Amino acid sequence: MRLTSLAGGALLSVALTATALTAQATNLVTNGSFEDIGTSSSQGFTIVTGSLPGWDVTSSGTFNNYNALVSGTATDSFGGPSAQGPAGYSPSYFWTDPGSSPDGGNFVAADGDSAFAKPISQTITGLTVGDVYSLVFYQAAAQQAGFNGATTEAWQVTFGGVTQTSATMNNADQGAVAWEQQTLSFTAVSATQVLSFLAVGTPNGLPPVSLLDGISLTPPTPPGPDPVPEPLSISLLGVSVIGIAAVRRRRRSAD
C-alpha cells in the first residue's frame with residue numbers, strides 16, 4: 001500500500017508540474033487592470049493625456065473625450081466628487097450601478113458618442129511575427145444619469161492595423177449591461193504594434209458609455225513536442241515507475 005501511494009503521489013506531482021508550466025502565460029499589456037493610477041486621485045476622474053500609467057490618451061477639447069477612470073470603491077460615479085469640464089456642469093454618474101468588474105478594482109468608462117470618442121492606446125513590444133496572440137478583456141455598459149433612451153455599446157479594438165469589434169451590448173433606458181468576457185485573436189505583423197480601444201455606440205447624445213477592465217494579451221503556446229521535463233519531474237516519474245513495478249512483483253509473489 002505504501003508503494004502504491006508513493007507511485008500515485010509521484011504521478012500526481014508530475015501532472016501538477018506539467019499543468020503549472022502550461023498555465024503560465026505572460027501578459028504583454030501594462031496596467032491592464034488600471035490599478036496603477038499614478039499621481040491622480042483614487043476616485044473617479046476624467047483621464048487627461050499622460051495621467052494613466054501605461055496608456056496614451058488623446059485629449060480633445062474641454063471634456064477630454066469623456067474617457068474616465070472609475071474607482072473600484074465608487075462604481076456609480078465616473079466623474080469624481082467635483083464637476084468635470086466647464087463651470088456649471090454637474091458631476092457624472094450612472095443611473096444604474098454596473099457592479100464591480102470581475103477583475104476587481106478600477107475600470108475605464110468611455111463615451112461612445114462619435115463626437116467625443118477617442119481611443120486609449122498602448123504600444124506592445126516583443127511580438128513574434130506570424131504568431132497568433134489572444135486578447136482577453138471584460139466589458140460592460142451603463143448610461144450617464146441625466147440622459148434617457150436605449151443605447152448600444154461596444155469596443156472597437158485595433159492591433160497591428162487590424163480592427164475587430166466586441167459583442168454589441170444592448171442597454172435599456174437608464175440601465176446597465178453586466179460585465180462579460182471578450183476574447184479576440186490577432187496575428188502579429190511586426191515586433192512592435194499599437195493596441196487601442198475605442199468606445200463605439202448609438203445613438204449620439206444619450207450617451208452610450210462602454211466600460212473596460214482586465215485587459216490581457218498573451219502569446220500562443222509554443223508549437224512542437226511537449227517540453228522536456230525538468231530533472232525533478234524526471235526523478236519523480238522514475239520513482240513512480242519503480243513503485244508500480246514493485247507492486248506488480250508483490251502481487252505475482254502473492255499469487
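Here, the structure is the one placed above.
Scope of this entry: the structure provided in the associated data block. Bear in mind that the values here come from a model prediction, so they are computed numbers and not experimental data.

1. What to know about the packing of aromatic side chains
Okay, so step 1: Enumeration according to the criterion identifies 6 aromatic pairs in this entry.
Okay, so step 2: Judged by centre distance (5.7 Å) and plane angle (35°), the rings of Phe34 and Trp55 are tilted. Placement of the pair is Phe34 in the loop between helix H1 (2–23) and strand E1 (45–46) and Trp55 in the loop between E1 and strand E2 (56–57), with a sequence separation of 21 residues.
Okay, so step 3: Between Phe159 and Phe186 the ring centres are 5.8 Å apart and the planes differ by 85°, which places this aromatic pair in the edge-to-face class. Taken together, the positions of Phe159 in strand E7 (residues 151–159) and Phe186 in strand E10 (residues 176–187) put the pair 27 residues apart, joining distant regions of the chain.
Okay, so step 4: The class of Phe159 is buried, set by a relative accessible area of 1%.
Okay, so step 5: Exposure remark for Phe186: the relative accessible area of 2% places this residue in the buried category.
Okay, so step 6: Ring-pair connections join several aromatic residues into one group, and the members of that group are Phe34, Trp55, Phe137, Trp155 and Phe197.

2. Quick look at the pairing of strand E5 (residues 120–124)
Okay, so step 1: In terms of residue burial, E5 counts as a mostly covered element, since 4 of its 5 residues are buried.
Okay, so step 2: Note: E2 against E5, 2 bridges, orientation antiparallel. The residue bridging Val57 from the neighbouring strand is Ile120, located in E5.
Okay, so step 3: Bridge count between E5 and strand E11 (residues 193–202): 5 bridges; the pairing is antiparallel. Considered in E11, the bridge of Ile120 is made with Phe197.

About the criteria used
Residues numbered from 1 in each chain as written. Predicted model: local features only at pLDDT ≥ 70, side-chain atom pairs only at ≥ 80, totals over all residues. Heavy atoms only, no water. Phe/Tyr/Trp six-rings, centres within 6.5 Å; stacked < 30°, edge-to-face > 60°. Helix = DSSP H or I, 4+ residues; strand = E, 2+ residues; numbered from the N terminus. Buried < 20%, exposed > 50% of the residue type's maximum accessible area, 1.4 Å probe, protein only. Pairing = 2+ DSSP bridges.

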